[in-house]
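Observations on chain architecture
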Amino acid sequence: MGDDIILDIRRDYVLGKIRDGERIDGRAFDEYRKIEIETGIIEKAEGSALVKIGDTQVVVGIKMQPGEPFPDTPDKGIIITNAELVPLASPTFEPGPPDENSVELARVVDRGIRESEAVDLSKLVIEEGEKVWLVFIDIHALDDDGNLMDASALAAISALLNTTVPAERFEIGDDFPLPVRDLPVAVTSHIIGNVFVVDPNKDEENASKNFITVTTDSDDNIVAVQKSGSYLLDEEKLYQIIETSIKKARENRKLLKEV
Amino acid sequence: MGDDIILDIRRDYVLGKIRDGERIDGRAFDEYRKIEIETGIIEKAEGSALVKIGDTQVVVGIKMQPGEPFPDTPDKGIIITNAELVPLASPTFEPGPPDENSVELARVVDRGIRESEAVDLSKLVIEEGEKVWLVFIDIHALDDDGNLMDASALAAISALLNTTVPAERFEIGDDFPLPVRDLPVAVTSHIIGNVFVVDPNKDEENASKNFITVTTDSDDNIVAVQKSGSYLLDEEKLYQIIETSIKKARENRKLLKEV
Amino acid sequence: MGDDIILDIRRDYVLGKIRDGERIDGRAFDEYRKIEIETGIIEKAEGSALVKIGDTQVVVGIKMQPGEPFPDTPDKGIIITNAELVPLASPTFEPGPPDENSVELARVVDRGIRESEAVDLSKLVIEEGEKVWLVFIDIHALDDDGNLMDASALAAISALLNTTVPAERFEIGDDFPLPVRDLPVAVTSHIIGNVFVVDPNKDEENASKNFITVTTDSDDNIVAVQKSGSYLLDEEKLYQIIETSIKKARENRKLLKEV
Amino acid sequence: MSNKDEVRLIVDGKRLDGRAFDELRPIKIKVGVLKRADGSCYLEMGKNKVVVAVYGPREVHPRHLQDPVKAVVRYRYNMAPFSVEERKRPGPDRRSVEISKVSREALEAIVMKELFPRSGIDVFVEVLQADAGSRTACLNAASVALVDAGVPMKGMISSVAVAKVDGELVLDPMKEEDFYGEADMPFAFFIRNDRIESIALLQMDGRVTKDEFIKAVKMAKDGAMRIYKMQKEAIKSKYVVESEEEVD
Amino acid sequence: MSNKDEVRLIVDGKRLDGRAFDELRPIKIKVGVLKRADGSCYLEMGKNKVVVAVYGPREVHPRHLQDPVKAVVRYRYNMAPFSVEERKRPGPDRRSVEISKVSREALEAIVMKELFPRSGIDVFVEVLQADAGSRTACLNAASVALVDAGVPMKGMISSVAVAKVDGELVLDPMKEEDFYGEADMPFAFFIRNDRIESIALLQMDGRVTKDEFIKAVKMAKDGAMRIYKMQKEAIKSKYVVESEEEVD
Amino acid sequence: MSNKDEVRLIVDGKRLDGRAFDELRPIKIKVGVLKRADGSCYLEMGKNKVVVAVYGPREVHPRHLQDPVKAVVRYRYNMAPFSVEERKRPGPDRRSVEISKVSREALEAIVMKELFPRSGIDVFVEVLQADAGSRTACLNAASVALVDAGVPMKGMISSVAVAKVDGELVLDPMKEEDFYGEADMPFAFFIRNDRIESIALLQMDGRVTKDEFIKAVKMAKDGAMRIYKMQKEAIKSKYVVESEEEVD
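Quick look at the overall build of chain D now. From N to C terminus, chain D includes 4 helices and 12 strands. Its C-alpha atoms give chain D a radius of gyration of 18 Å, within 12% of the compact-globule value 18 Å for 248 residues. Viewed in the frame of its principal axes, chain D has a C-alpha envelope of about 55 × 40 × 35 Å. In chain D, which comprises 248 residues, the proportion classed as buried is 60%. Put simply, 70% of the contacts in chain D that link residues at least 6 apart link residues at least 24 apart. Element-wise, carbon and sulfur atoms account for 49% of the exposed surface of chain D, whose accessible area totals about 9600 Å². A distance of 6 Å separates the average location of the 42 positive side-chain charges in chain D from that of its 41 negative side-chain charges.

Shown next as structure tokens:
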């Protein structure tokens, strides 16, 4: 109960600020919190990255192993993306199998990477039709202070950039860097009343659950969109959001190039 | 609570009628509701049927694929029967893995088909001991207005009659009709007080849960019996029920021949 | 509630007795209840044993089948130990997948057998790197009147002693006795206040859940230790317990030799 | 039923294990074999070895599972992993779920549930070794264990199967007869005042004529009465009872 | 999206099934097809065949799932095992979980939940046969079934996808266009007073420019309005409505 | 313990990584690394990298899990899928279940649970990278995180393992020593007023004599005291503490 009242007060505070054209942490509506990317933090993984957006922290680890290709794509490696919202990361996460939120998180990140063709899957064939590389992208949230989606997407592509294909361990030739050829970036906007803000922090997320994530590739193509939340979205606002998403993605992509 | 009282009133009404030698929908004790059979309704399935008994509706779809035979029957195809009581079909069904009622439904239908040797499994061998056809019979209840058992059994055999073995899709020769050589028919009787009625509707089922299903083949042999419900069954009544079941099965079998 | 009060009274009774240097069933602190071992009770199993310690009863059955070795031990058979605390055995056990208590039980028994190298796994290779014998040790508790751990461990090694490798059934040569070369014995001590008693009965277990199991081999080596329970263990008492465990294991091992 | 091909199950008017058509397998019954349970029974019927524990009437948790007007009966048929030739994975499969349902229903029909509103009566059945007819062995043991637990019942349940093999009806089939036979018919009867009153469990699969079916019921009733006498004897003596029909 | 290699999806300005770029597949709608449900709808959209049942507003069990200020909406998208080429194992997979989430959210935005505190409104969707666009077919049927159940709503939901194939945008893609195409964009629109007010569902994967995306929205809106008319017609006539665009 | 065959783990009186027998691996401790948790700690111990969050004391749901006289402690040891050489499937396995149990019990013995009836104290442990001794690393971090969360405790827990390799006892074994060694003995000690009072966790598998076992306890106590000093330092400085023993 006490908790609910505090949530209500914070919600009113967030909404009041927004009405005044401000955010509670002083950011502009289209401003991200500070983003930090650290790669190679898990030596036992083929690739890894820790991404912080403000206080939000996500680790992504990449593991690879040989496996069978799908029957309809015998000449391509396989990406499997998985997200665990472990209870460490938030007082509201519970232990157990993935719920709809972690499934959505994993699938939206996956689509950004898949549709931008960020990983050149044709280079991950060991023996056509028989054996290809499986790339496991495991998203592990550590601290959820809002916008896990963008942090996870950034961590995923950063970890892929950091990945070495462990061919030697499996005695199939020399190790080589995972062929990454595009840098998809997800930008999540949060709809609050009549406006939208990018990179919502937890207080903003608690004020409303209305999101839209637009992922774009290095050529500003849209490669994935996901409206998430029980709200009705105005068409004109959608176009503004896309505009902003392309702009912010370009900025965040620069960080990836420094990795 | 309100619901419970209404259930009680309807139960009393059903029982009162029966005491007077009548059923609430005016049928004779050994009379089925109108039965409709439509086959081939799912083009993507190898065979399919929609069966309506009154307002009760069940769809059965047949899928086939090559697989390994059981070690003790290397020269026979395999039938796997599964039932889902999806929550669409009744306000009392819940999502989740099969409960004891759907398990019983699937197994009783399965036994009717298996024991009558309705499908000639010896014709479903691709390579003896190595590869045989698996026949998946999936029972999907759509609307449970009573007597899902008989509707499911009828839909299953109707769908099998409608099945083409998809040999071409798996590049193992020409397609051919599934060899069906008997027509098992299940007849469910419902024990209410001292009498029994065939083909119970939902109001009757709500009045008591005491059933017995007798499945017979084209030669009037008994191939499966299942007493279901927490009641004690009189031996003489059992013999009357079997008599009636054989008679009604003959009638319903005629419908199958028209399919 | 009533049950809770009775439990409280019995706990006080147990603790009071212990304070007076006595146990409620009159045993000395380092005295086991009567142990009975019966082997070969399940003819369909490769080996089996029923062990009673007082009223506690555990059945262990051994099943064997050929399977793949672990990649890092291509020249060794595999032991898989599993425990089911079926609801038959105690009013507090619930149906369902293994909980932490059955997992711990299985793993501690497993370690005793594994670390003492009781089974000569190198003799269980059918084809190096390809095919070895899998040994399933299934612990099935029947009546939990305390100290399931020691009863399970005794039943496991007794059943292994009773096991014949079913080579003929799988057409890979002649049957032969499972090569057992050590006799690990688990001794569980129960910490009550300042003292410890071996082989706790159920009333004692209800008085406190503080256990330590010490498993030793035929040469008095310690092969497994497990402190279990939310308590702090005094170092000196630990050494006394080990002393006692070695002594009691020697006694119980004699029973195994008579099997 | 698998189609038997070359296998002959009846030779010179005798069954493979030497029994006459209407002869039971050896039976052994022990009452009160478990300390923790409120009632218990160990029973062998041929190679079947089963243990049953009864708990209750006792409180039901969680509360929404309670029935305000009568006791809730649970029946859990479970096979030990080592009870069959090929190790069985622990946990319920579809067969166990169905057997548990029909067995529970048989007992529900005779337990005086109305005496214990909001309570639970749990019957836990462990099959330590399985042969044909394990569900009938379990019901026989469960019926005894319920008496041992002092659960009020309208009468007893005695259970036995009849099979059709090589065209003949045989009582209490063993594994080969079940596997290669033409039909299997497990029955359980409600017995009160030393006579069979009605049928509590009835399943059947295979292929029989109506007349064969009626003949099978008679044969099963006769067998069940003999089992009933042993159950009664075991309860009275609170000790081991072994059948005199034993062959080995 | 798989990369198409040799497959050409547009030949002579026509799609493989002969449709124009902005043409819908044949649609068939039946209202009130189930007796037990409070509202129901059967809908075909190309080869998709879906049935929807609506239950509620009704009591929610267990109680801790209730919301004291509004109704809880559940949406369960489920595929029958025989609905696709290769038999699907029963039970929810990750794809169904995501579709159920975004579809539920679309409906939550238009159902007047505040009128039914502590209640539940259940929308159960069964896909009997799946082709591309099954989520849009289901939402169209669900919207009709909710009206049939008398659930108060702010308007209707009409849903359709747009794909990019061979560089062209096409309405309501069928399976080959979905599989080999360059992008798939499922939409659902909120329609009130016979006009589209806003977007209730939006997902996209593939690769399109911003301009193509805007063009796709327009195309989808146009298609959705046509579907909406059929939904309305079906509700009014309480009978079968089949699209006049039907080709076969 | 696997039988080492040719592998020599001790060469010229030194361990493979150059450590002396009684030397710890490098340790790094950061306190308060997570915002959402009430207390947290990041800890490295050799190649182990673990993060711990503590939530609570807080309300327990559902209510029937509450204890009316004391707080309920949960401990969840979880390995990230990428924490080990071969990807681990998400979700608890039997090993995690056992580690969670004995670790929880160690903490329960020192947390002042009676102060918080009906509450829950949750200790969530994520192993980001696992080497030998991950359970000891996690307990060390958990102990610090509990202090960071302000949970009242009777003292601290410091944890370290001892192994027997090539016939010698060695402190804080790394992976090869664990894998090829003859015994592994993880300990956790209860430390109050800067001295070890008793044993909070103790497991062992392998093969040692009684005398070796006693010697191992002494060695572990000595190592634990050094870890304890670093834990204390980290808590005081609320900042990163790295061991001076660090080798790299």
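Still more ground to cover, so stick around.
From N to C terminus, chain A includes 5 helices and 12 strands. For chain A, whose C-alpha radius of gyration is 19 Å, the value lies close to the compact-globule estimate of 18 Å for 259 residues. The principal-axis extent of the C-alpha atoms belonging to chain A is close to 60 × 40 × 35 Å. The burial tally for chain A puts 60% of its 259 residues in the buried class. The distance from the centre of the 29 positive side-chain charges to the centre of the 52 negative ones in chain A is 3 Å.

The end-to-end C-alpha separation of helix 4 (residues 210-237) of chain E is 41 Å, in line with the 40 Å expected for 28 residues at 1.5 Å each. The positive-phi residue at the C-terminal boundary of helix 4 of chain E is Lys238(E), with phi of around 45°.

Spatially, the 8 strands line up as an open sheet ordered 10(B)-9(B)-11(B)-12(B)-11(D)-10(D)-8(D)-9(D), and their pairing is antiparallel. Looking at which strands have only one partner, the edges of the open sheet turn out to be strand 10 (195-198) of chain B together with strand 9 (168-171) of chain D. Each strand axis lies, on average, 25° off the axis of its neighbour in the sheet, ignoring direction. Examined bridge by bridge, strand 9 (residues 185-192) of chain B and strand 10 of chain B share 4 bridges and lie antiparallel to one another. If you follow Ser189(B) over to strand 10 of chain B, its bridge partner there is Val198(B). Relative to the sheet, helix 3 (residues 148-161) of chain B contacts strand 9 and strand 11 (211-216) of chain B, its axis offset from that of strand 9 of chain B by approximately 175°.

What follows concerns the pattern of salt bridges. Scanning the model with the defined rule gives 153 salt bridges over all chains in all. Among the ionic pairs, Arg104(E) bridges to Glu100(A), the shortest N-O distance being 2.9 Å. A residue pair is termed interchain when its members come from two chains, as with Arg104(E) in helix 1 (residues 94-108) and Glu100(A) in helix 2 (residues 100-115). Overall, Glu100(A) belongs to the partly exposed group, its relative accessible area being 23%. The partner of Arg19(E) in a salt bridge is Asp172(E), and the shortest N-O contact between them spans 3.9 Å. Of this pair, Arg19(E) sits in the loop between strand 2 (14-15) and strand 3 (27-31) while Asp172(E) sits in the loop between strand 9 (168-171) and helix 3 (175-180), and the two are 153 residues apart along the sequence. The class for Asp172(E) is buried, based on a relative accessible area of 1%. When salt bridges that share partners are traced, they join Arg23(C), Asp25(C), Arg27(C), Arg33(C), Asp55(C), Asp145(C), Asp199(C), Glu204(C) and Lys35(D) into one network.

Quick look at helix 2 (residues 134-148) of chain F now. Residues and elements named next belong to chain F. Here helix 2 is 15 residues long and its end C-alpha atoms lie 21 Å apart, about the 21 Å a rise of 1.5 Å per residue gives. In terms of burial, helix 2 is a largely internal element, 14 of the 15 residues being buried. Gly150 lies just past helix 2 and shows a positive phi near 75°.

In this section: the sheet that holds strand 8 (residues 156-165) of chain E. Spatially, 10(A)-9(A)-11(A)-12(A)-11(E)-10(E)-8(E)-9(E) is the arrangement adopted by the 8 strands of the open sheet, whose pairing is antiparallel. Across the chains shown, the open sheet's two edge strands, defined by having one partner strand only, are strand 10 (195-198) of chain A together with strand 9 of chain E. Across this sheet, the average inter-strand angle for adjacent strands is 25°, counted without regard to direction. Running at roughly 175° to strand 9 (residues 185-192) of chain A, helix 3 (residues 148-161) of chain A makes contact with strand 9 and strand 11 (211-216) of chain A of the sheet.

The interface is formed by 38 residues belonging to chain B together with 33 residues belonging to chain D. Buried surface at the junction of chain B and chain D, summed over both partners, amounts to about 3200 Å²; 50% is from carbon and sulfur atoms. There are 8 salt bridges connecting chain B and chain D. Of the charged contacts, one joins Glu98(D) and Arg111(B) as a salt bridge, the two residues approaching to 2.5 Å between their closest N and O atoms.

A separate point is the interface of chain B and chain E. The partner chain E presents 30 residues to the 31 residues of chain B that form the contact. At the boundary of chain B with chain E, total buried surface from both sides reaches about 2700 Å², with 55% on carbon and sulfur atoms. For chain B, the biggest contributors to the area lost against chain E are Lys44(B), Leu88(B) and Pro91(B); these three give 26% of the whole. Here chain B and chain E share 5 salt bridges between them. One salt bridge in this structure joins Lys35(E) and Asp145(B), with 3.1 Å as the shortest N-O distance. Going through the elements one at a time, strand 3 (56-67), strand 4 (78-84) and strand 6 (131-143) of chain B are the ones with two or more residues in the side of chain B that touches chain E. Residue contributions to the side of chain B that touches chain E peak at 6 residues, all from strand 3 of chain B. Split by residue class, the side of chain B that touches chain E holds 13 nonpolar, 6 polar and 12 charged.

Further remarks concern the environment of Gly181(D). Mapped onto the fold, Gly181(D) is located in the loop between helix 3 (175-180) and strand 10 (183-192). It is 7.0 Å that separates the C-alpha atoms of Gly181(D) and Asp166(D), two residues lying 15 residues apart in sequence.

Next up on the list: unusual backbone geometry. The omega angle of the peptide bond from Gly56(E) to Pro57(E) is 0°, so this bond is cis rather than trans. Structurally, Pro57(E) is set in strand 5 (residues 48-59). Not every positive phi belongs to a glycine, and Glu171(A) is a case in point at roughly 55°. Take Glu171(A): it is sitting in the loop between strand 7 (164-165) and strand 8 (176-177). The phi dihedral of Asp220(A) falls on the positive side, at around 70°, and the residue is not glycine. Relative to the assigned elements, Asp220(A) resides in the loop between strand 11 and strand 12 (222-228).

Another aspect to go through is the packing of aromatic side chains. In total, this model carries 15 aromatic pairs over all chains according to the counting rule given. Relative to Phe170(B), the ring of Trp133(B) lies with its centre 5.8 Å away and its plane at 70°, an arrangement referred to as edge-to-face. Separated by 37 residues along the polypeptide, Trp133(B) in strand 6 and Phe170(B) in the loop between strand 7 (164-165) and strand 8 (176-177) bring together distant segments of the chain. Plain terms: the ring middles of Phe187(F) and Phe189(F) are 5.7 Å apart, the flat faces sit at 10° to each other, and that makes the pair stacked. Exposure remark for Phe187(F): the relative accessible area of 0% places this residue in the buried category. Members of the aromatic cluster, each reached through a chain of ring pairs, are Phe187(D), Phe189(D) and Phe213(D). The positively charged end of Lys227(C) is found above the aromatic ring belonging to Tyr231(C), 4.2 Å away from the centroid.

Reading guide: rules and limits
Per-chain numbering applies: the sequence of each chain, read as written, is numbered from 1 onward. Whichever chain is written first becomes A and whichever ligand is written first becomes 1, with later ones labelled in order. Local features are withheld for residues below a pLDDT of 70 in this predicted model, meaning they are given only at 70 or higher, and side-chain atom pairs are given and counted only at 80 or more; totals for whole chains, interfaces and linings count all residues. Side-chain numbers come from the whole structure's heavy atoms, not from hydrogens or water. What counts as a helix is a DSSP run of H or I of at least four residues, what counts as a strand is a run of E of at least two, and both are numbered from the N terminus. Radius of gyration here is computed from C-alpha atoms only, and the compact-globule reference equals 2.2 Å multiplied by the residue count raised to the power 0.38. Burial status follows relative accessibility: with a 1.4 Å probe on protein chains alone, a residue under 20% of its type maximum counts as buried, one over 50% as exposed, and anything between as partly exposed. Should any heavy atoms of two residues lie within 4.5 Å, those residues are counted as being in contact. With residues, only the protein chains shown are counted as cover, and all accessible areas are computed by Shrake-Rupley using a 1.4 Å probe. As used throughout, the charge tally considers Lys and Arg to be positive and Asp and Glu to be negative, leaving His and the chain termini uncounted. For the purpose of locating charges, the reference atoms are NZ of Lys, CZ of Arg, CG of Asp and CD of Glu. In this analysis, the expected span of each helix is defined as 1.5 Å times one less than the number of residues it contains. Strand pairing requires that DSSP identify at least two bridges connecting the strands. Lines fitted to C-alpha atoms define the axes, with helix axes restricted to the stretch in contact, and inter-axis angles between N-to-C directions lie between 0 and 180 degrees. In what follows, salt bridge is the name for a side-chain nitrogen of Lys or Arg lying within 4 Å of a carboxyl oxygen of Asp or Glu. Put simply, buried area is how much 1.4 Å-probe accessible surface two parts lose in total, over both of them, once they are put together. Any residue outside Ala, Val, Leu, Ile, Met, Phe, Trp, Tyr, Cys, Pro, Asp, Glu, Lys and Arg is labelled polar, Gly included; the first ten of those are nonpolar and the last four are charged. Two aromatic rings from Phe, Tyr or Trp, using only the six-membered ring of Trp, form a pair when their centres are within 6.5 Å; if the ring planes differ by under 30 degrees the pair is stacked, by over 60 it is edge-to-face, and anything between is tilted. Here, a charge over a ring is recorded when the distance from Lys NZ or Arg CZ to the ring centre is within 6 Å and its angle to the ring normal is within 35 degrees.

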